[in-house]
Amino acid sequence: YLGNFLQRNHVVGQLGFRLGMGAVPRKRVLSFYEKHDPSKLEDVPTILSKHYGDYPLLVRKLERKYHDYGYFLGWEEDEAPMTLALEKLQEAYDIWIQQYWNRYAPQPLKTAARNVRYNLAGLRKKGQRAWKKTIWPILEPFFGVPKGGAAQKRKDAAEARKRKNQSARAAGGAKRRRNTDFRDEEDE
């Protein structure tokens, strides 16, 4: 009963949409409706929350209904919250480093900060190595490739090498043709 109510009233979608989780094509949908159907502008939040998590379906529906294909290309990059947040963070960091830190910080602090950054990078590399060599092999049976996946991968690689060798022999040891050899254009 509760699950049916939540699904029928799009409660989860409304929560995710209201909290701003994930990329949302809000700007594109608003401008799309301004262009095609201005009467639906006040319904945009409801439409977006109804299609939360399945925006490609919304895009297909709108493009089919109004016959305006390609309007939503690249919408994911418009409002990806993490992308915007990282860009703003990098911008603030660059301003702070260039305008304040490099100008006013005493040299011993600059040296200490550089050493900390170097040591943290080394720790990150060691952590990645430990993950790859000790932790992931333990977790791989639970989260990784299914049993027999490595054997299948080796088998596929062997078949690819075999096909490559056969095609090289069939060509008589000749080098691979350049792309220009396959053009349809006729030389004048």
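A. Just the overall build of the chain, in detail. Of regular secondary structure, the chain possesses nine helices and zero strands. Along the chain direction, N to C, the helices and strands of the chain fall in the order α-α-α-α-α-α-α-α-α. Burial statistics for the chain: of 188 residues in total, 16% are counted as buried. Intrachain contacts of the chain at a sequence separation of at least 6 include 59% that bridge at least 24 residues. In the form shown here, the chain has an accessible surface area of approximately 15,900 Å², with 56% of it arising from carbon and sulfur atoms.

B. Representation of the confidence of the model for the chain in the model. Put simply, the chain has an average pLDDT of 77, and 71% of its residues get 70 or more. The element-level mean pLDDT for the chain is lowest in helix 2 (residues 11-19), coming to 55, with helix 8 (residues 107-143) highest at 90.

C. Layout of the side chain of Asp68. By the element assignment, Asp68 lies in the loop between helix 5 (55-66) and helix 6 (75-78). Engagement of the side chain of Asp68 in a polar contact is seen with the side chain of Lys35, the distance being 3.0 Å.

Each value, and the rule that gives it
Residues numbered from 1 in each chain as written. Predicted model: local features only at pLDDT ≥ 70, side-chain atom pairs only at ≥ 80, totals over all residues. Heavy atoms only, no water. Helix = DSSP H or I, 4+ residues; strand = E, 2+ residues; numbered from the N terminus. Buried < 20%, exposed > 50% of the residue type's maximum accessible area, 1.4 Å probe, protein only. Contact = heavy atoms within 4.5 Å. Areas by Shrake-Rupley, 256 points an atom, 1.4 Å probe, with all protein chains shown as cover. pLDDT = per-residue confidence, 0-100. Polar contact = N/O pair within 3.5 Å; in protein donor to acceptor, adjacent residues only side chain to side chain.

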